[in-house]
Amino acid sequence: RMVTGVQTCALPISFRSPNPLPTLLGVHRIWTSSSHRNAGLASLLLDAAAGRFIYGCPILKMRRALDVAFSQPTGAGMALARSWTGTDAFKVFVE
């Protein structure tokens, strides 16, 4: 199932698709040690994955919310996904 527009746990999810949505890249896990957080490392890792996942066809910044999905992110993961995709309506997939 794909879920978009994930909010904090206190707020409802704004959209849930019963059918699979086309997505190029699924991010199952991304983690940085606490001593290196807020240094932009996770964003750099996502940039590298999006730029090289499909040879010769990088995922453009304006398409991140459409072409990349995150697996059930934590609060910090949601903040990263929001920041990196530039929207609150990023895709989430349930494993």
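Note: the structure precedes this text.
Bear in mind the structure is a predicted one, so any value in this text is a computation, not a measurement.

Asker: How would you summarise the environment of Gln-72 if you had to cite specific residues and measurements?
Answerer: Structurally, the position occupied by Gln-72 is in the loop between β4 (68–71) and α3 (75–85). We classify Gln-72 as partly exposed; its relative accessible area is 47%. Put simply, Gln-72 and Val-27 are 45 residues apart on the chain and 9.7 Å apart in space, counted from C-alpha to C-alpha. Those residues in contact with Gln-72, other than ones at most four positions away along the chain, are Val-92, Phe-93, Val-94 and Glu-95.

Asker: Give a description of the packing of aromatic side chains that names residues and reports values.
Answerer: The geometry of an aromatic ring pair is captured by two quantities: the separation of the ring centres and the angle between the planes. Within this structure, the stated rule accounts for two aromatic pairs. Between Phe-70 and Trp-84 the ring centres are 6.4 Å apart and the planes differ by 85°, which places this aromatic pair in the edge-to-face class. Of this pair, Phe-70 sits in strand β4 while Trp-84 sits in helix α3, and the two are 14 residues apart along the sequence. Summarising the aromatic geometry, the rings of Phe-70 and Phe-90 are spaced 5.9 Å apart at their centres and angled 85° between planes, so their arrangement reads as edge-to-face. On the criterion of sequence distance, the pair formed by Phe-70 in strand β4 and Phe-90 in the loop between α3 and β5 (91–93) is long-range, its members being 20 residues apart. Assigned by exposure class, Phe-70 and Phe-90 land together as buried. Here the aromatic residues Phe-70, Trp-84 and Phe-90 are joined through ring pairs into a cluster of three or more.

Asker: Residue-level account of the pattern of salt bridges, with values.
Answerer: Counted under the stated rule, the structure contains three salt bridges. Notably, a salt bridge pairs Arg-64 with Asp-47, separated by 2.9 Å at the nearest N-O pair. Of this pair, Arg-64 sits in helix α2 (residues 64–67) while Asp-47 is found in helix α1 (residues 41–52), placing the two residues 17 residues apart along the sequence. The exposure class assigned to Arg-64 is buried, which follows from its relative accessible area of 11%. The partner of Arg-82 in a salt bridge is Asp-88, and the shortest N-O contact between them spans 3.1 Å. The class for Asp-88 is partly exposed, based on a relative accessible area of 41%.

Asker: Would you mind going over the side chain of Thr-85 in detail, with residue names and values included?
Answerer: In this structure, Thr-85 sits in helix α3. Within the structure, Thr-85 has its side chain in polar contact with the backbone oxygen of Ala-81 (distance 2.7 Å). Filtering out sequence-adjacent residues up to four positions away, Thr-85 remains in contact with Arg-64, Ala-65, Phe-70 and Phe-90.

Asker: Just give me the short version of the layout of surface pockets, but keep the residues and values in it.
Answerer: The volume enclosed by the largest pocket comes to roughly 570 Å³. Looking at the largest pocket, it is lined by 23 residues, and the ones nearest its centre are Ile-30, Ala-42, Ala-76, Gly-77 and Leu-80. Of all the secondary-structure elements, those providing two or more residues to the lining of the largest pocket are α1, β4 and α3. Among the elements that line the lining of the largest pocket, the one with the most residues is α3, at four residues.

How each quantity is defined
Residues numbered from 1 in each chain as written. Predicted model: local features only at pLDDT ≥ 70, side-chain atom pairs only at ≥ 80, totals over all residues. Heavy atoms only, no water. Helix = DSSP H or I, 4+ residues; strand = E, 2+ residues; numbered from the N terminus. Buried < 20%, exposed > 50% of the residue type's maximum accessible area, 1.4 Å probe, protein only. Contact = heavy atoms within 4.5 Å. Phe/Tyr/Trp six-rings, centres within 6.5 Å; stacked < 30°, edge-to-face > 60°. Salt bridge = Lys/Arg side-chain N within 4 Å of Asp/Glu carboxyl O. Polar contact = N/O pair within 3.5 Å; in protein donor to acceptor, adjacent residues only side chain to side chain. 1 Å grid on protein atoms, 1.4 Å probe; cavity = no way out; pocket = protein on both sides within 12 Å on 5 of 7 lines; lining within 4 Å. Points joined across faces, edges and corners; volume = space filled by probe spheres on them.

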